[in-house]
Amino acid sequence: MSSTASQRALDYLEVLPGTTFTKLYQQPSTALAIFRRMLPHLAKTLVMAMLYMPTPLAVSGLDVWVKPDAESLQARDRALSILQSLRILFDAHDGAGRAAYKLSEAFARSLRLALTGGGDHRSFGVPCNTADKTPVTVEYLDTFARKQWEAILYFVVGSAHTGLGGSVTISPGTQALLQEGEFVALRGRQAHITQSGFTFLLQEINAQIWTLLIVYLEGSSGRDMVPVDVLSFLFTLGSLELGISYSTSNLTPTQLQLLDDLSDFGIIYRRSSDSTRYYPTRLATTLTSDAPALPNNSLTSSTTTDPSSTSSSESEKGYIILETNYRLYAYTSSPLLISILSLFTSLRSRYPNLVTAKLTKASIQAAIQLGITSDQIISYLTTHAHPLMRMHQQQNQANLNTPVLPPTVVDQIRLWQLEGERMVSHRGYLIRDVGTAEEYDRAVRYAEALGVLRKEFRSRGSFFVTRMDQMSAYFKGQAARKREAAQKREAELGGGSVGVKRES
Amino acid sequence: MNAVDATDRAGTQQEVEAPSLLTIILDTNPHAWALLADSLPLSKAVANLLVFINAHLAINYANRVAVVASHSERAEWLYPTPANARQEQAESNGDGEHGNRAGTGGAVQPPDDANKYRPFAQLEYAFMTNLQRLMRTTTPAAISSAPSTMLAGALTRALAYISKPSAATNPTTTANTHFNYSDPSSVAGGNSLNPSDDATTTSRSSQRLTTRILIVSVSGDLAETYIELMNAIFACQRLSIPIDVLKLAGDPTFLQQAADTTNGIYLSLSTPAARAGMLQYLMCAYLPDAAARERLVMPGEGEGVDFRAACFCHKRVVDIGFVCSICLSIFCEPLADGTCLLCGSHLSMANYGQKPAVVARLKKKGRKKRVVDGGGADTPGSGGGTPVPG
């Protein structure tokens, strides 16, 4: 998975202490959700192959299994690194004492339980066994979720234009959360959008939810909540089924408290805050999937305009057509979308179901002034491109890399940004004195495979990485191996054989 | 500062794995399973298979699965529940509501269980119900009259099923469906198998659905349906659908060819010990989908494949046979009147049966026709000419 949504959750999970993972993996639903959502494809295959393996998988066995070309090796290294940082995979030794990998006991047990069923963990949600007197339809849940979520977005975007703000109300808790995540900053009584607020707005909806939830998680200990309970409940939510009511009977106090906040976000629906049943909305059931979070992502006008204008109900995920002459046509009548567009385009005219706009140097640079980056604009335009623009891409099946947006426009947006900035700064670590040239090469290759390498200065024998934890583990492993090899060599000196150093 | 160049644009593609549709053909031939009862009874094999299916569904949210039973006298869908069986069930339950719900792939409501992921529970319930019904409706007469299995029929049904969602991902046909992918009827929590939901999944990722077929086979002797089987295999080859074969018992000939032609995996678990580890074989060798297979070395590559064919006249598996030069049909013995049984062309066999000429001649290239009892020790009949239309 490479979508921003899971990346965000992954970043959060990676820094958790090991004990938290052990607690998390007690729940089969969590194990399943993490397996499905956070792992790269090859890692899933590895985990599944090892799940019912009685002995640890030898490192050499894995080397034989993975094809020896560069791309596969890179994929393998990435898979192993993520598995290790999520504490799913551990180094071990097999019966013959060779280096091997084994799965985390707790994770393997929970995943097996998830696949076979059984146990008494009740982590996949306890459905209400009595029918609701007034059943809630899926349509109602969708509308509810959309209304709640749009209100939040509208609050954020509204704070960019003083003229728009104030027309929607969101709960004080959510408002505080948005400030906590620094999406809006309060100046006086007026909320103002910040740079991370823009980043938030331009993400796809699933990533938005995770962003907000992670802010929530980070602050959860301050609200007398147990973060593990929150996290495992969120993963449970992802495995629930839409349109079915679940009972609150087996929830912890933390989770009960969480229900209130989640219903403010529109992630679950409860009729009242003391009701013993709750319905997950589509926002919840798609938390751990790739499916579009709201069937109708164009955020209909339900919050702000007359609900009877259902013209926008047929609009779908993609609504923007961008031409090579920088003209932009957006099939939408939602004030929210229009105000998002107005952040980086200059609007021309508006029709009942269509807005025309133009990308100009002035409009893009104004957006950059606000803290929006060109990449954000491009990814927003790409994710919301009209199906007609994608059709062009699909017709060239042979060349899947055909860009969705006109390349000239994409380049120009980047160039406009570059005009303003001549320097990019990255936080990170400089690694030098790596040892022999061969070891240096290997370390650089490893860093590249992990995707943390920024720049290497070959002449000076040093390179720059953005993340250190994986690299330091790598160097420790290297050092240990070297020592082992040296010892072996010493021990075997009499026999005349030379200890062979394993390639990593 | 070199961020703006043409190579950079291409990199913006999201590398989300394409969903994959796994169609499993389970050979339920009662004769063959009875023979395996000691080492691997059907119930155990099915339990293993269910874990495997769940693992497949767990890998990707949009992954889907279908199971066909290749029974002794007919091929039957086990999952998703076919429409007519759903009706029967709904009627027998006296509950019309189930008929509506059934559109989501699950046959009827499984018992609610908080300890099992709902899509898994639904699948398992539907699968087991259908398998039980299949076994219940099998009459002793049917078993005794048909000792083999309807593999060709099952394969054809699987292909027909696969072609539906595949056609939906075809760009020329999706143009119309593109505009309604906000279809709210699709169920988010379920691994829905209803083809009407395809528009949602496919248009979202704009990626092709990758498909593959897994045949769990226990019966030998498929020569009866040789032509049908080979046609289905070649269809798979054309559609580039790999056929994976897990052979638990029986003679491998044609299925090994099937896996070989379609780049699938063929493994034969011939010993009881190997059969006991069926689940591990499934998880290790058969679970990787097309994307993972690009990265992994798959088993069974480079093994010798039995390429023998079955003759069209008596369904015998032949090492050496006679080939009609017009329609390429294969016969195990020379035709009595020199007329091809299939295309009716008149074939003459000039020097058949004569001793080869002693003087070295230029060998004729092309399809060779050799003597049945010619054996390997004899010089191959270089003089025996290819039958020519007379």
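Everything that follows concerns the structure shown earlier in this document.
Quantities reported herein were computed from a predicted structural model and do not represent experimental measurements.

About the criteria used
- Residues numbered from 1 in each chain as written.
- Chains lettered and ligands numbered in written order.
- Predicted model: local features only at pLDDT ≥ 70, side-chain atom pairs only at ≥ 80, totals over all residues.
- Heavy atoms only, no water.
- Helix = DSSP H or I, 4+ residues; strand = E, 2+ residues; numbered from the N terminus.
- Buried < 20%, exposed > 50% of the residue type's maximum accessible area, 1.4 Å probe, protein only.
- Contact = heavy atoms within 4.5 Å.
- Areas by Shrake-Rupley, 256 points an atom, 1.4 Å probe, with all protein chains shown as cover.
- Salt bridge = Lys/Arg side-chain N within 4 Å of Asp/Glu carboxyl O.
- Pairing = 2+ DSSP bridges.
- Axes fitted to C-alpha atoms, helices over the stretch in contact; angles between N-to-C directions.
- Expected span 1.5 Å × (residues − 1).
- Core = buried A, V, L, I, M, F, W, Y, C linked by side-chain atoms within 4.5 Å.
- Phe/Tyr/Trp six-rings, centres within 6.5 Å; stacked < 30°, edge-to-face > 60°.
- Lys NZ or Arg CZ within 6 Å of the ring centre and 35° of its normal.

## Considerations on the overall build of chain A
Here is step 1: Across its full length, chain A carries 21 helices and 15 strands.
Here is step 2: Out of the 504 residues in chain A, the part that is buried amounts to 53%.
Here is step 3: A separation threshold of at least 6 residues defines the contact pool for chain A, and within that pool the share at least 24 residues apart is 66%.
Here is step 4: Here chain A displays about 22,200 Å² of accessible surface, and carbon together with sulfur accounts for 52% of that area.

## Some words on the pattern of salt bridges
When their charged atoms lie close together, side chains carrying opposite charge are able to pair.
Here is step 1: Counting across every chain of the model gives 21 salt bridges over all chains.
Here is step 2: In this structure, D433 of chain A and R432 of chain A form a salt bridge, with 3.6 Å as the shortest nitrogen-oxygen distance.
Here is step 3: Take D433 of chain A: its relative accessible area is 64%, and that puts it in the exposed class.
Here is step 4: When its relative accessible area of 56% is taken as the criterion, R432 of chain A is described as exposed.
Here is step 5: We note a salt bridge from K116 of chain B to E124 of chain B, for which the minimum N-O separation is 3.3 Å.
Here is step 6: Residue classification places E124 of chain B among the partly exposed residues on the basis of a relative accessible area of 25%.
Here is step 7: Connected through shared salt-bridge partners, D63, R76 and D77 of chain A make up one network.

## Details of the sheet that holds strand β3 (residues 75-79) of chain B
All names here are of chain B.
Here is step 1: In spatial order, the strands read β3-β2-β1-β4-β5-β6; together these six strands make up an open sheet with mixed pairing. The sheet terminates laterally at β3 and β6 (266-268), the two strands that pair on one side only. Within this sheet the neighbouring strands show an average axis-to-axis angle of 20°, counted without direction.
Here is step 2: With three bridges connecting them, strand β5 (residues 243-247) and β6 associate as parallel partners. Within β6, the residue paired with V245 across the bridge is Y266.
Here is step 3: This element, helix α3 (residues 42-59), spans β1 (20-27), β2 (64-70) and β4 (210-217) of the sheet and lies at about 175° to β1.

## A word on α3 of chain B
Residue pairs spaced three or four apart in an α-helix point in one direction, given the helix's 3.6 residues per turn.
Here is step 1: A rise of 1.5 Å per residue sets the reference length of α3 of chain B, with its 18 residues, at 26 Å; its end C-alpha atoms lie 26 Å apart and thus fit the reference within 8%.
Here is step 2: By the criterion of burial, α3 of chain B is predominantly enclosed, with 15 of the 18 residues buried.

## Some points on unusual backbone geometry
Excluding glycine, a negative phi dihedral is what most residues carry, and trans is how most peptide bonds are arranged.
Here is step 1: The omega torsion across Y79 of chain B and P80 of chain B is -5°, close enough to zero to call that bond cis.
Here is step 2: With respect to the secondary-structure elements, P80 of chain B resides in the loop between β3 and α4 (83-93).
Here is step 3: For R87 of chain A, which is not glycine, the phi dihedral falls at a positive 55°.
Here is step 4: Inspection of the secondary structure puts R87 of chain A in the loop between α6 (70-85) and β2 (89-93).
Here is step 5: In this structure, D433 of chain A is a non-glycine residue whose phi angle is positive, near 55°.
Here is step 6: You can see D433 of chain A is positioned in the loop between β13 (429-432) and α20 (437-450).

## Quick word on the sheet that holds strand β10 (residues 327-330) of chain A
Residues and elements named next belong to chain A.
Here is step 1: Here four strands make up an open sheet; going across it, the order is β9-β10-β12-β11 and the pairing antiparallel. Edge positions in the sheet fall to β9 (320-322) and β11 (346-350), since each of these pairs with one other strand and no more. Taken over all neighbouring pairs, the strand axes of this sheet differ in orientation by 20° on average, direction set aside.
Here is step 2: Where β11 lies against strand β12 (residues 355-358), four bridges are found, and the strand directions are antiparallel. The partner of S349 across the bridge, within β12, is T356.

## What to know about the environment of V297 of chain B
Here is step 1: Looking at where V297 of chain B falls in the secondary structure, it is placed in the loop between α15 (290-293) and β7 (309-310).
Here is step 2: For V297 of chain B and A285 of chain B, which are 12 residues apart along the polypeptide, the C-alpha to C-alpha distance reads 9.6 Å.
Here is step 3: If near-sequence neighbours (up to four positions away) are discounted, V297 of chain B is found in contact with V64, W65, V66 and K67 of chain A.

## Notes on the nonpolar core
Here is step 1: In terms of nonpolar packing, the biggest core is built from 176 residues, with M48, L86 and L237 of chain A touching the most fellow members.
Here is step 2: The element contributing the most residues to this core is α3 of chain B, with 12 residues.
Here is step 3: In this structure L86 of chain A touches L10, L13, F21, Y25, I34, M38 and L39 of chain A, once residues within four positions along its chain are discounted.
Here is step 4: A75, A158, Y226 and V318 of chain B belong to the second largest nonpolar core, which has 46 residues in total.

## Comments concerning helix α12 (residues 253-261) of chain B
Here is step 1: Taking burial as the measure, the nine residues of α12 of chain B include seven buried ones, the bulk of the element.
Here is step 2: N263 of chain B lies just past α12 of chain B and shows a positive phi near 65°.

## A short note on the pairing of strand β8 (residues 277-280) of chain A
Residue and element names in this part refer to chain A.
Here is step 1: Burial along β8 is two-sided: the face carrying R277 and Y279 and the face carrying Y278 and P280 are both buried.
Here is step 2: As defined by bridge partners, strand β6 (residues 246-247) adjoins β8 across two bridges and the pair is classed as antiparallel. In the sheet register, S247 faces β8, and the bridge partner there is R277.
Here is step 3: Both strand β7 (residues 268-269) and β8 contribute to a ladder of two bridges, which runs antiparallel. Opposite I268, over in β8, you have P280 as the bridge partner.

## Some details on the packing of aromatic side chains
Residue and element names in this part refer to chain A.
Here is step 1: The tally for this structure, following the rule as stated, stands at 19 aromatic pairs over all chains.
Here is step 2: With 4.5 Å between their ring centres and 20° between their planes, F183 and F200 make a pair best called stacked. Pair noted here: F183 is in the loop between α9 (172-180) and β4 (184-187) and F200 is in helix α10 (residues 195-202), with a separation of 17 residues, a long-range link. Each member of the pair, F183 as well as F200, is classed as buried.
Here is step 3: Their ring planes at 15° and their centres at 4.3 Å tell us that Y446 and Y474 sit as a pair that is stacked. Taken together, the residues span a long stretch of sequence, with Y446 in helix α20 and Y474 in helix α21 (residues 469-492) at a distance of 28 residues.
Here is step 4: Residue classification places Y446 among the buried residues on the basis of a relative accessible area of 16%.
Here is step 5: With a relative accessible area of 9%, Y474 lands in the buried category.
Here is step 6: Three or more aromatic residues joined by ring pairs make a cluster, and in this case those are Y140, F144, Y269 and Y279.
Here is step 7: The ring centre of Y52 lies 6.0 Å from the NZ or CZ of R112, which sits over that ring.
Here is step 8: Sitting above the plane of the F457 ring, R460 keeps its charged end 5.0 Å from the centroid.

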